[in-house]
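Structural features, examined
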Amino acid sequence: MRRGILAAFLLLIVGISGYAFYLRSLAPTEQYPTDTYLAQVPSAARRALILVAHDDDAVAFAGTISRLTQAGWQVAEVCFYVPDSGDGDTVAWQARNASRQQGLRQVGRIEGLRDVRPLTLAYRTDLDTVKMPWMPMPYTQMAARFRLDSLRRYVGQSIARWQPTVIFTLDDIVGGYGHPDHVVISQLVRAACAAGRDQPPFPVRLIYQGVFAPSQAERVMGQLPAYQAAKHVYGVPGLPAPTTQVVITPWAAQKKAVLRAYPTEQHVFRQFWPGYRWWPASVYYRLNEREFFRVLTAAQW
């Protein structure tokens, strides 16, 4: 019996070690300059706005946001919910939205956000005809398939309301993994900042677009149909490269708690952060200790 217990123990150790090696193999190999700007912003200007298409998009930079609020930043989040998915089951969709908004409020408490602002808006016109709305579409089709005027107004109002020095969003080229909703919101954020740049006193100084490092993107998303299609549809080799990185190990517990706050999205999170639920945060985020950003200055908007 002792031999059996010992054999089982050794198999467990081998299994854990093997999975840790697997997780480490998914981690990015590239190194980027460590962000210094956020720590140098004067206290009076420490205001940030998370402006994303969907509530769970912001988990990509949950560690960084937790770091900022701990340092005295005032951070708000704005995201959107479509009232009907177009699949005919409105009741189920609204229940899902209610669960996600509850998760968003929980995230606000975890991260110490000053406010969360979920906006319900039928911002797409094609949900009754498109079976996979997360698949990429050509940029030229977006004006016909999104209510851009309404979205543009909400983006502008959010910036005017919160007066952020920094905006956090996803990239405006691929939208994380190809989702056109992500692309549209990030493009509108960039356009709003470009329009306000020459109309002082415009508050925004930088846009932080959450991205994966190239090696991480290919290892984690390389087999996702949406990501593969995005490369073709958008004519790019992958995500835009990061320009800076933030070490989030001290805020590992908050990052994991944010991921767990959305029970309806766990099937998605398992693709991007495999195994995160089964490992202590202090261990998992030593294997995946960095968040990456493509930072756009006013001259680049």
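I will try to describe carefully the structure that is included in this document. Fair warning: this is a prediction, and the values are worked out from it, not measured in the lab. (Residues numbered from 1 in each chain as written. Predicted model: local features only at pLDDT ≥ 70, side-chain atom pairs only at ≥ 80, totals over all residues. Heavy atoms only, no water.)

**A word on the overall build of the chain**
A count of helical and extended segments in the chain gives 13 helices and seven strands. Here the chain has a C-alpha radius of gyration of 20 Å; the compact-globule value for 301 residues is 19 Å, and the two agree. Taken over the C-alpha atoms alone, the chain extends approximately 75 × 50 × 35 Å along its principal axes. Looking at the chain as a whole, 53% of its 301 residues qualify as buried. Considering only intrachain contacts with a sequence separation of at least 6, the fraction spanning at least 24 residues in the chain is 81%. For the chain, the accessible surface area stands at approximately 14,100 Å², while carbon and sulfur atoms represent 58% of it. For the chain, the distance from the average position of its 32 positive side-chain charges to the average position of its 22 negative side-chain charges is 7 Å. (Helix = DSSP H or I, 4+ residues; strand = E, 2+ residues; numbered from the N terminus. Rg over C-alpha atoms; globule rule 2.2 N^0.38 Å. Buried < 20%, exposed > 50% of the residue type's maximum accessible area, 1.4 Å probe, protein only. Contact = heavy atoms within 4.5 Å. Areas by Shrake-Rupley, 256 points an atom, 1.4 Å probe, with all protein chains shown as cover. Lys, Arg positive; Asp, Glu negative; His and termini not counted. Charge placed at Lys NZ, Arg CZ, Asp CG, Glu CD.)

**Some points on the packing of helix 4 (residues 90-111) against helix 11 (residues 252-260)**
Between helix 4 and helix 11, the least distance of the axes is 9 Å, while the angle of their chain directions is 175°. As judged from the angle between their axes, helix 4 and helix 11 are roughly antiparallel. In this structure, helix 4 uses V107, I110 and E111 to contact helix 11, whose residues at the interface are Q254, A257 and V258. Class assignment of the residues belonging to the contact of helix 4 with helix 11 gives a composition of four nonpolar, one polar and one charged. (Axes fitted to C-alpha atoms, helices over the stretch in contact; angles between N-to-C directions. Parallel < 35°, antiparallel > 145°, perpendicular 65-115°, else oblique. Nonpolar A, V, L, I, M, F, W, Y, C, P; charged D, E, K, R; others polar.)

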